[in-house]
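Structure assessment
Now for the letters of each chain:
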Amino acid sequence: MLIRRERPEDVADIRAVTAAAFSGVEHSAPPIEPDGAPGEATLVGWLRADPGWIPELSLVAEVDGEIVGHVVATRGTLADRPALGLGPVSVSPVRQRDGVGSALMYAVLGAADAMGEPVVVLLGSPDYYGRFGFVPASGLGIEAPDPAWGDYFQARPLAAYDPSVRGKFTYAAPFDRL
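Parameters at a glance
- Residues numbered from 1 in each chain as written.
- Predicted model: local features only at pLDDT ≥ 70, side-chain atom pairs only at ≥ 80, totals over all residues.
- Heavy atoms only, no water.
- Helix = DSSP H or I, 4+ residues; strand = E, 2+ residues; numbered from the N terminus.
- Rg over C-alpha atoms; globule rule 2.2 N^0.38 Å.
- Contact = heavy atoms within 4.5 Å.
- Areas by Shrake-Rupley, 256 points an atom, 1.4 Å probe, with all protein chains shown as cover.
- Lys, Arg positive; Asp, Glu negative; His and termini not counted.
- Charge placed at Lys NZ, Arg CZ, Asp CG, Glu CD.
- Salt bridge = Lys/Arg side-chain N within 4 Å of Asp/Glu carboxyl O.
- Buried < 20%, exposed > 50% of the residue type's maximum accessible area, 1.4 Å probe, protein only.
- Pairing = 2+ DSSP bridges.
- Core = buried A, V, L, I, M, F, W, Y, C linked by side-chain atoms within 4.5 Å.
- 1 Å grid on protein atoms, 1.4 Å probe; cavity = no way out; pocket = protein on both sides within 12 Å on 5 of 7 lines; lining within 4 Å.
- Points joined across faces, edges and corners; volume = space filled by probe spheres on them.
- Expected span 1.5 Å × (residues − 1).

**Points about the overall build of the protein chain**
Along the protein chain, the regular secondary structure elements total four helices and nine strands. Scanning the protein chain from its N terminus toward the C terminus, one meets helices and strands in the order β-α-α-β-β-β-α-β-α-β-β-β-β. At 15 Å, the protein chain has a C-alpha radius of gyration in line with the 16 Å of a compact globule built from 178 residues. Seen along its three principal axes, the alpha-carbon backbone of the protein chain occupies a region of about 45 × 30 × 30 Å. Taking all contacts inside the protein chain whose residues are at least 6 apart in sequence as the whole, residues at least 24 apart take part in 63%. Summed over its atoms, the accessible surface of the protein chain is roughly 8,600 Å², and 52% of this surface lies on carbon and sulfur atoms. Seen as two clouds, the 14 positive and the 23 negative side-chain charges of the protein chain have centres 3 Å apart.

As C-alpha cells, then:
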C-alpha cells in the first residue's frame, strides 16, 4: 500500500471510494446530487473548491494502482486561530479492516504535525479514533459546532498545540452546507 497526495486524475476515484464507504452508513449525510451518492462524496468536491483546502493534507491509499482510501484535513478555526478539521475518511468497503484507514490516519496526522499545525478535530467514534490519540474535545476546552455531538467531537493535539487556546471550533465553510 502506498499513501500519497491526491492528484487531479484521482478525483473521480476518490468520489467513488467516498460514496461506497458512506453508502448505507447510519450517520452518513443524505444525497445532494442526482447520482444518489452520500453527501460526504459531494462534500469532498466542495472542500476542494474552498479556501480551506490544503492540498498537502488530501491523501489517498493506493494498492496495485487502485485508489482504496482517502482522507482529508481542511482549514478550520479554533477561537479564530488556525486549526484543522479532519474528514471525511473513506475506505473502500472491500478493504475495510485491512489497515488502510489506520495508515491514512497516521499519515495525515504526521503530515499535519510536520506542517506545524496545532490541533486536529473530527466527529467520529471515540472507540475508533481514540487509538490515534483523539480525546473528547470538551476536555481540552474546545467547543463543538453542535453541542449535541458530545464526546463524538474529538481533538488530537499536535506538537505546536497551545493548551491556552480554548473556544469554539469552526469547520471550513462547505461543512455548513450538509
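**A word on the pattern of salt bridges**
One pass over the structure, following the stated rule, counts eight salt bridges. Its salt-bridge partner being Arg-75, residue Glu-117 comes within 2.7 Å of it at the nearest N-O pair. Taken together, the residues Glu-117 in the loop between helix H3 (100-114) and strand S5 (119-123) and Arg-75 in strand S3 (residues 66-78) connect sequence positions 42 residues apart. You can call Glu-117 buried: its relative accessible area is 7%. Arg-81 is paired through a salt bridge with Asp-162; the nearest N and O atoms lie 3.9 Å apart. Of this pair, Arg-81 sits in strand S4 (residues 81-91) while Asp-162 sits in the loop between strand S8 (153-157) and strand S9 (167-170), and the two are 81 residues apart along the sequence. Judged by its relative accessible area of 31%, Asp-162 falls in the partly exposed class. Three or more residues joined by partner-sharing salt bridges are found here, namely Arg-4, Asp-10 and Glu-62.

**Brief notes about the pairing of S9**
In the case of a regular strand, side chains alternate between the two sheet surfaces. Pairing between S3 and S9: two bridges, direction antiparallel. Among the inter-strand pairings, Leu-78 is bridged to a residue of S9, identified as Phe-169. Where strand S7 (residues 142-143) lies against S9, two bridges are found, and the strand directions are parallel. If you follow Glu-143 over to S9, its bridge partner there is Lys-168.

**Details of the nonpolar core**
Grouped together as the largest cluster of nonpolar side chains are 24 residues, with contacts concentrated most on Leu-86, Met-105, Val-108, Val-120 and Phe-134. With six residues, the single largest contributor to this core is H3. The residues contacting Val-108, other than those within four sequence positions of it, are Leu-57, Leu-59, Val-71, Ala-73 and Leu-86.

**Considerations on the layout of surface pockets**
One number sums up the size of the largest pocket: a volume of about 1,400 Å³. Taken together, 40 residues line the largest pocket, and the ones lying closest to its centre are Phe-22, Val-89, Leu-123, Gly-124 and Tyr-129. Those elements that place two or more of their residues in the lining of the largest pocket are helix H1 (11-22), helix H2 (39-48), S4, H3, S5, helix H4 (126-129) and S9.

**Structural notes on H3**
Over its 15 residues, H3 extends 21 Å from the first C-alpha to the last, a length consistent with the 21 Å expected when each residue adds 1.5 Å. The set of residues buried in H3 consists of Val-100, Gly-101, Ser-102, Leu-104, Met-105, Val-108, Leu-109 and Ala-112. Of the residues flanking the end of H3, it is Gly-116, one or two places downstream, whose phi is positive at about 85 degrees.

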